[in-house]
Amino acid sequence: MRVGIIGGGVAGLAAAYHLTKEGHFAEVFEQAPFLGGQASTFDVFGGRLERGYHHLFVSDTDITELIHELGLGGKLEWLESSVGFYHGGRVWDFASPMDLLRFKPLSFLQRIRVGLWTLKLQKTGHYRKYETVTAKDWLSKRMGKKGFEVIWEPLLRGKFGDFHDKIGMTWIWNKVTLRVASRKGAGQVEHLGYPMGSFGEVIDVLEQRIIQQGGAVHTSASVSKIVESDGTATSLEVQLDGSETERRGYDAVIATTPSYVFTRLAPPMPKEYQDKLEGISYLSAVLMVLVLDRQFTNKYWLNIADPDMPFVALIEHTNLIDRKLYGGKHILYISNYPSRDSELYKMPAEELMDLFVPHLQKINPDFDRSWVIEHHHHRVDGAQPIVGINYGAGIPDHRTPLTGLYLANTTQIYPEDRGTNYSVRMGKQVAQMVLDDAGSGISPAK
Ligand SMILES: Cc1cc2nc3c(=O)[nH]c(=O)nc-3n(C[C@H](O)[C@H](O)[C@H](O)COP(=O)(O)OP(=O)(O)OC[C@H]3O[C@@H](n4cnc5c(N)ncnc54)[C@H](O)[C@@H]3O)c2cc1C
């Protein structure tokens, strides 16, 4: 079979890897000059770093298996994480159940109540009972208004902004179970995985393998149209490195772009499918990566539970990963998830820095702008699907109404939330779906 793949992020590359491993031809088109999409990297003081912070949870078995299969297992390390919670002008330790018991902003009874319900949540193996209720309603009813307002509401606001009260309880259930699965040892401390040398190395080896297995991978290669004939996707219109648009024919096409890009590329879809594509919205991510000459805090992950701060989390990468990889420098991500039309999203890097610095000084009063050796500003569109109630029913199928055209994007990852692990899983599953359909005569195959 010949399969055209739109997008050279983790899902597109995982699909191409599987198809070429099975003896088929896959051709990947990535519009950016680099591969990896949301998990792509850039160079920092001799090391490679993700544009947006990245780590793995212990439950991320699909990507872990892939990393081993690619011969990079020796590079994957599981490290003790440190989590903090900035509330009321100070940083609280927030990594283990004991930390919750010591968390004074809630009364002792409130802490017990939050702890017991969190434990119950962790023990619930299935998400369906949470599908129809918002996180706000479920959590404030069980954990109390104060417990919700102090702990959960800032987290929901941070990730989903104005949509925070619309988010389904399934999303929280998933986050809680993931984090617990990553806790190890008597202290129940969270351990996170990271491929030393960055996710960029995994992407590089994936590309090499696809090519060795007979596939093709193009960067700076933008797909402008999915062409159909008699209800079947037959070819792609692509522009390679700014040259003339050309048409390439395939037996099947897998699109891994966000849904709002897919609707621009694909022929008009039947209403029911189109409604699903348009029914799920996304938030973007705005990231400022500071390269510092000293440590900012001693936490890897610091949740910011203060609505007046213009960021929702600080991730000090070098509190998890050895800073020797970055010439001894310290790396701090400042993260937020605004909508594309927000002021924050549009703000240029220098203005963002002016906005952030006084707030960073509230968290660490010693902090001075002179600590910043360099800063890097990244925006990621389509970074986070907004996961409302009854989300599952609104997910578009991987098999689109057009024969031979498949969609594999982050809106279809559920009940889990987007993540490299699930893009690996989905890429492989959809690639196999293409092969199965070809075998059973659902789509044309050679
Ligand atoms: C800030 C941030 C932090 C994250 N942290 C983690 C983490 O800690 N752990 C984790 O596992 N995951 C994390 N993720 C999520 C993870 O990176 C994504 O879920 C995953 O990489 C998505 O891969 P994908 O291939 O499905 O989509 P994408 O990476 O979005 O890939 C889609 C690709 O399609 C390309 N494309 C779009 N239109 C066209 C076109 N017309 N022609 C050609 N190409 C096109 C895009 O350029 C893009 O490269 C994080 C994401 C963000 C934004």
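Residues numbered from 1 in each chain as written. Predicted model: local features only at pLDDT ≥ 70, side-chain atom pairs only at ≥ 80, totals over all residues. Heavy atoms only, no water.

**Concerning the pattern of salt bridges**
At step 1: For the coordinates displayed, the defined rule picks out 21 salt bridges.
At step 2: Across the pair Lys145 and Glu149 runs a salt bridge whose closest N-O atoms are separated by 3.1 Å. One end of the pair, Lys145, and the other, Glu149, are both in helix α6 (residues 145-160), four residues apart, so they sit about a helical turn from each other.
At step 3: When its relative accessible area of 59% is taken as the criterion, Lys145 is described as exposed.
At step 4: A residue is classified by how much of its surface remains accessible, and Glu149, at 36% relative accessible area, is partly exposed.
At step 5: Note that Asp165 is salt-bridged to Lys166, the shortest N-O span being 3.4 Å.
At step 6: Using a relative accessible area of 48% as the deciding quantity, one classes Lys166 as partly exposed.
At step 7: Shared partners join several salt bridges into a network, and the residues in it are Glu27, Glu246 and Arg248. (Salt bridge = Lys/Arg side-chain N within 4 Å of Asp/Glu carboxyl O. Helix = DSSP H or I, 4+ residues; strand = E, 2+ residues; numbered from the N terminus. Buried < 20%, exposed > 50% of the residue type's maximum accessible area, 1.4 Å probe, protein only.)

**A closer look at the site of the ligand**
At step 1: Residues in close proximity to the ligand total 31 residues, the closest being Glu30, Gln38, His54, Arg418 and Thr420.
At step 2: Separating a nitrogen atom of the ligand from a backbone N or O atom of Phe29 is a distance of 3.4 Å.
At step 3: Here an oxygen atom of the ligand and a side-chain polar atom of Ser423 are 3.0 Å apart.
At step 4: With the chains in place, 93% of the 1000 Å² that the ligand exposes on its own is no longer accessible.
At step 5: If you list the elements that add at least two residues to the shell around the ligand, you get α1 (10-21), β11 (221-229), α9 (259-265), β19 (372-385) and α13 (420-439).
At step 6: Per-element tally for the shell around the ligand: the top contributor is β11, with three residues.
At step 7: Grouping the amino acids of the shell around the ligand by side-chain chemistry returns 14 nonpolar, 15 polar and two charged. (Near = heavy atom within 4 Å. Polar contact = N/O pair within 3.5 Å; in protein donor to acceptor, adjacent residues only side chain to side chain. Areas by Shrake-Rupley, 256 points an atom, 1.4 Å probe, with all protein chains shown as cover. Nonpolar A, V, L, I, M, F, W, Y, C, P; charged D, E, K, R; others polar.)

**Notes on the sheet that holds strand β14 (residues 252-255)**
At step 1: Here five strands make up an open sheet; going across it, the order is β10-β2-β1-β14-β20 and the pairing parallel. Single-partner strands in this sheet number two, and they are β10 (216-218) and β20 (405-407). For this sheet, the mean angle separating the axes of adjacent strands, direction not counted, is 15 degrees.
At step 2: Judged from the five bridges that link them, strand β1 (residues 2-6) and strand β2 (residues 25-29) form a sheet pairing that is parallel. Each bridged residue has a counterpart across the sheet, and for Arg2 the counterpart in β2 is Phe25. (Pairing = 2+ DSSP bridges. Axes fitted to C-alpha atoms, helices over the stretch in contact; angles between N-to-C directions.)

**Here's the deal with the pairing of strand β13 (residues 246-249)**
At step 1: The pairing of strand β12 (residues 232-240) with β13 spans four bridges and is classified as antiparallel. Within β13, the residue paired with Val238 across the bridge is Glu246.
At step 2: Connecting β12 to the antiparallel partner β13 that follows it, the hairpin turn spans five residues, and Asp241 within it adopts a positive phi of roughly 50 degrees.

**Re the layout of surface pockets**
At step 1: By volume, the second largest pocket is sized at about 450 Å³.
At step 2: Lining the second largest pocket are 23 residues, with Arg157, Gly161, Asp162, Val312 and Asn336 sitting closest to its centre.
At step 3: Listing elements by their share of the lining of the second largest pocket, those giving two or more residues are α6 and α11 (343-346).
At step 4: Class assignment for the residues of the lining of the second largest pocket results in 14 nonpolar, five polar and four charged. (1 Å grid on protein atoms, 1.4 Å probe; cavity = no way out; pocket = protein on both sides within 12 Å on 5 of 7 lines; lining within 4 Å. Points joined across faces, edges and corners; volume = space filled by probe spheres on them.)

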